[in-house]
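Below are the chains, spelled out letter by letter.
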Amino acid sequence: MNMKTTRIKKTTWVAVASLGILIAVVLNGCMESKMVAAKSGAQLWAENCQRCHNTPSPASFSHDQWVTVGMHMQTRAQLTDKERQKIVAFLSQ
Amino acid sequence: MKTAKKALSVAIFACLFTANIARAQQTAADSALMDRVTALEQQVADQKPGESHFMVVGLATFGFVSTKTTFNPLTGAPQVVKTNSLADADRYELSPMLLWRHDNKFLVEFEPSFDGTSVGVNWANVSYFAAPGLVIHGGYFVLPFGIYSKRLAAGWIDKVASDPVGFDLPGTDFGIGVSGGYPLGSMKWSYDVSLTNGLQLLPDGELQNAGVVDNNTNKTITGRLALLPLSNSSLEIGVSALFGGVADAGSSFSNANTNMYAADLSFVHTFNPFLINIKGQYNWMNVNRQNYISPVDSSAYSFNNRSTSAFGQISVRPVGVDNKFLKNVELAYRYISYNTPANSTWGSNYSENNIGLDYWLSWRTVLKLTYGKTHSVSNSSTALGGMPGITDTNNIYLQFSMEF
């Protein structure tokens, strides 16, 4: 009985520790790397828009319209919030 | 006296020089201040609700198709039909998309569409940008299943003139959903999940959208999970799933349900001077075993109601060359496979090859010349009135498409 209790406790500890490590890794992973954080709006525009269509000309819309288009594209392509903000800022220049 | 004059000149010069520096500094400060004020005004304007945040974009597609269809029955002579059409449901579409945002939190999207025969709605939904990585939406929207329907179907995005057969479902539906994207170190991942009315099982075993008046109390859950493992976002791998009841309430299909799975891939990268664009999707759709009513003698029959559809596509564009004409030319190829259940009234093994030459007039305006060849072997049941045989078609499309 004692051995079984000990075994369960060990298993529980291992499971909790594993889960903790997994959560730590995921939370850490959800932070963008320095390289990604340093990307400019122009670079993100070049990388992300062409995943589906040609890269748009910044002259196509006004700043106000780019903000709207950026929100629309976030719902389509699941851009991250930072990506959308940087791309819209670049296209609005 | 000379010394005094010299001193006076130096003093005047010093005063003027200092004044100029001060003025230059003042101008620079004014300019920086004005830039800051402009930026703040823009930020305030972004937050304001109002008519200024309404815009209309959309797409227009029209074209010509020449088709030769040859049907080879198991017995008897082949039947050949030729058509030349300027526009039909697949070659004509005018879809203005109305976008309206309420500050930076709400976005309304509405896209009516005229396809030459009727006016429909592609989507009509409201999105709420609740938090970073969390967009909540409700209304009538494209379900998150694979990548074709939601991202690639628009004529000005699609590399060939026709849509791939077998990718209509699950299509568009009424419901609610959540979606978002997150960084994962140097990678990214995204999710898109919805809860909707679901599909409807027809008497012959086919599925269609249930519509705004739901056909049962069940709801359908659809979701897509994607990973972009490369830091430049060039590669995206996605998996999708759908589960839901599909029977009309009170019908003999009372326990009918469907499960669907999809895997998709997208790779876009420039290997100078060529931009390579690869897309692919595989769908697997299943409805659990049911008894259907024969259209011939009203007897009960059953079949393994399982369908698969797949497409693989590659396009190449020499974006890095100096020649202005050549850099706007794109060569595209797409293979499609669509297999529907044997021993049903609608079973067949279908394949299609398309090769296209596109010329981009602008980033969102394209002229497409596509040659398509399809091959379909019917495996529908003769006992149910099916007509076994082989159908081959040759299509030549000339299509113009633009986003406006």
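Scroll up for the structure.
Undergrad: Before we go on, may I ask you to explain the overall build of chain A in this structure?
TA: Each helix and strand in chain A was counted, giving 5 helices and 0 strands. Reading the secondary structure of chain A in the N-to-C direction produces α-α-α-α-α. Residues counted as buried form 45% of the 93 residues belonging to chain A. Residue pairs at least 24 apart in sequence account for 55% of intrachain contacts in chain A once pairs closer than 6 positions are excluded. By element, 69% of the accessible surface of chain A is carried by carbon and sulfur atoms, the whole surface being about 5400 Å².

Undergrad: So what exactly am I meant to see when it comes to the packing of helix α4 (residues 63–77) of chain A against helix α5 (residues 81–91) of chain A here?
TA: Pairs of packed helices are described in terms of their axes, by the angle between the two and the distance that separates them. All names here are of chain A. Close contact between α4 and α5 brings their axes to 9 Å; oriented N to C, the two are set at 150°. Relative to α5, the element α4 is oriented roughly antiparallel. Between α4 and α5 the crossing geometry is right-handed. In contact with Trp 66, Val 67, Gly 70, Met 71 and Gln 74 of α4, α5 contributes Asp 81, Arg 84, Val 88 and Leu 91. For the contact of α4 with α5, the class distribution of residues is 5 nonpolar, 2 polar and 2 charged.

Undergrad: Looking at this structure, I do not really get the pattern of salt bridges. What am I missing?
TA: Note on pairing: side chains with opposite charge can pair once their charged atoms come close. On inspection of all chains with the given rule, the structure shows 14 salt bridges over all chains. Two residues, Lys 150 of chain B and Asp 192 of chain B, come together in a salt bridge whose shortest N-O distance is 2.6 Å. Remark: Asp 192 of chain B occurs in strand β8 (residues 187–196) and Lys 150 of chain B occurs in helix α2 (residues 148–152); sequence separation between them is 42 residues. Judged by its relative accessible area of 3%, Asp 192 of chain B falls in the buried class. Across the pair Arg 364 of chain B and Glu 403 of chain B runs a salt bridge whose closest N-O atoms are separated by 3.3 Å. Of this pair, Arg 364 of chain B sits in the loop between β19 (348–362) and β20 (365–378) while Glu 403 of chain B sits in strand β21 (residues 389–403), and the two are 39 residues apart along the sequence. Assigned by exposure class, Arg 364 of chain B and Glu 403 of chain B land together as buried. Through salt bridges with shared partners, one network takes in Arg 51 of chain A together with Arg 151, Arg 224, Glu 236 and Asp 264 of chain B.

Undergrad: Hey, could you run me through α5 of chain A in this one?
TA: The complete set of buried residues in α5 of chain A reads Asp 81, Glu 83, Arg 84, Ile 87, Val 88, Phe 90 and Leu 91 of chain A. In this fold, the buried residues of α5 of chain A make contact with α3 (41–48) and α4 of chain A together with β5 (119–131) and β8 of chain B.

Undergrad: Where do I start with the nonpolar core in this structure?
TA: Soluble globular proteins: nonpolar side chains tend toward being buried together. Core analysis: the biggest nonpolar cluster contains 20 residues, and Leu 201, Leu 207, Val 246, Phe 253, Ala 256, Met 260 and Tyr 292 of chain B have the highest contact counts within it. Once residues within four sequence positions are removed from consideration, Tyr 292 of chain B is found in contact with Leu 201, Leu 202, Pro 203, Asp 204, Gly 205, Phe 253, Val 287, Ser 299, Ala 300, Tyr 301, Phe 303 and Asn 305 of chain B. Formed by 17 residues, the second largest nonpolar core is a distinct cluster that contains Leu 44 and Ile 87 of chain A together with Met 97 and Val 142 of chain B.

Undergrad: Where do I start with the packing of α3 of chain A against α5 of chain A in this structure?
TA: Residue and element names in this part refer to chain A. Interaxial distance between α3 and α5 falls to 8 Å at its minimum, and their mutual angle equals 105°. Overall, the two elements α3 and α5 adopt an arrangement that is roughly perpendicular. For the pair formed by α3 and α5, the contact residues are Gly 41, Ala 42, Leu 44, Trp 45 and Asn 48 on the first element and Glu 83, Lys 86, Ile 87, Phe 90 and Leu 91 on the second. Its residues assigned to classes, the contact of α3 with α5 comprises 6 nonpolar, 2 polar and 2 charged.

Undergrad: What should I look at first to understand the pairing of strand β6 (residues 134–142) of chain B in this one?
TA: Note on strand geometry: in a regular strand, side chains alternate between the two faces of the sheet. All names here are of chain B. Pairing analysis gives 7 bridges linking β5 to β6, with the strands arranged antiparallel. By the bridge assignment for β6, Ala 131 is matched with Leu 134. A loop of 2 residues connects β5 with β6, the two strands running antiparallel in sequence, and Gly 133 in this loop sits at a positive phi of about 80°. The pairing of β6 with strand β7 (residues 172–184) spans 8 bridges and is antiparallel. Looking at β7, one finds that Phe 141 is bridged to Asp 173.

Undergrad: How should the pairing of strand β13 (residues 257–271) of chain B be read in this particular structure?
TA: All names here are of chain B. Looking at chain direction, strand β12 (residues 235–245) and β13 are connected through 11 bridges and run antiparallel. In the strand pairing of β13, Phe 243 is matched with Asn 259. In this structure, the hairpin formed by β13 and strand β14 (residues 274–287) is closed by a connection of 2 residues.

Undergrad: How should the environment of Gly 146 of chain B be read in this particular structure?
TA: Residue and element names in this part refer to chain B. Relative to the helices and strands, Gly 146 resides in the loop between β6 and α2. Take Gly 146: its relative accessible area is 7%, and that puts it in the buried class. Sequence separation between Gly 146 and Leu 265 is 119 residues, and the spatial gap between their C-alpha atoms is 8.8 Å.

Undergrad: Explain the interface of chain B and chain A here, please?
TA: Accessible area lost when the parts come together is the quantity often used to give the size of an interface. At the junction of the two partners, chain B supplies 56 residues and chain A supplies 38 residues. Taking both partners together, chain B and chain A bury about 3800 Å²; carbon and sulfur atoms supply 54% of that area. Looking only at chain B, the three residues that lose the most surface to chain A are Met 55, Arg 151 and Trp 363 of chain B, adding up to 17% of its buried area. The tally of links from chain B across to chain A stands at 3 salt bridges. The tally of links between chain B and chain A comes to 20 residue pairs in polar contact (both at pLDDT 80 or more). Looking at the side of chain B that touches chain A residue by residue, the class counts come to 25 nonpolar, 18 polar and 13 charged.

Undergrad: How should I be thinking about the packing of aromatic side chains in this particular structure?
TA: Describing an aromatic ring pair means giving the distance of the ring centres and the angle of the ring planes. Going through the model one piece at a time under the given rule, you end up with 21 aromatic pairs over all chains. Where Tyr 182 of chain B meets Trp 189 of chain B, the ring centres are 5.5 Å apart and the plane angle is 20°; that geometry is what we call stacked. Where Phe 243 of chain B meets Tyr 261 of chain B, the ring centres are 5.7 Å apart and the plane angle is 75°; that geometry is what we call edge-to-face. You can see Phe 243 of chain B sitting in strand β12 and its partner Tyr 261 of chain B sitting in strand β13, a full 18 residues away along the chain. Here the aromatic residues Phe 253, Tyr 292, Tyr 301, Phe 303 and Trp 346 of chain B are joined through ring pairs into a cluster of three or more. Looking at Arg 76 of chain A, its charged tip hangs above the ring of Trp 123 of chain B, at a distance of 4.1 Å from the centre.

Undergrad: Looking at this model, I keep getting lost on the side chain of Thr 70 of chain B. Mind explaining?
TA: All names here are of chain B. Position of Thr 70 relative to the elements: it lies in strand β1 (residues 54–73). Taking relative accessible area as the criterion, Thr 70 reaches 18% and is therefore assigned buried. Setting aside anything within four residues of it in sequence, one finds Thr 70 in contact with Pro 78, Gln 79, Val 80, Ile 390, Thr 391 and Asp 392.

The rules behind the values
- Residues numbered from 1 in each chain as written.
- Chains lettered and ligands numbered in written order.
- Predicted model: local features only at pLDDT ≥ 70, side-chain atom pairs only at ≥ 80, totals over all residues.
- Heavy atoms only, no water.
- Helix = DSSP H or I, 4+ residues; strand = E, 2+ residues; numbered from the N terminus.
- Buried < 20%, exposed > 50% of the residue type's maximum accessible area, 1.4 Å probe, protein only.
- Contact = heavy atoms within 4.5 Å.
- Areas by Shrake-Rupley, 256 points an atom, 1.4 Å probe, with all protein chains shown as cover.
- Axes fitted to C-alpha atoms, helices over the stretch in contact; angles between N-to-C directions.
- Parallel < 35°, antiparallel > 145°, perpendicular 65-115°, else oblique.
- Left-handed = near helix turned anticlockwise from the far one by under 90°.
- Nonpolar A, V, L, I, M, F, W, Y, C, P; charged D, E, K, R; others polar.
- Salt bridge = Lys/Arg side-chain N within 4 Å of Asp/Glu carboxyl O.
- Core = buried A, V, L, I, M, F, W, Y, C linked by side-chain atoms within 4.5 Å.
- Pairing = 2+ DSSP bridges.
- Buried area = accessible area lost by both parts, 1.4 Å probe.
- Polar contact = N/O pair within 3.5 Å; in protein donor to acceptor, adjacent residues only side chain to side chain.
- Phe/Tyr/Trp six-rings, centres within 6.5 Å; stacked < 30°, edge-to-face > 60°.
- Lys NZ or Arg CZ within 6 Å of the ring centre and 35° of its normal.

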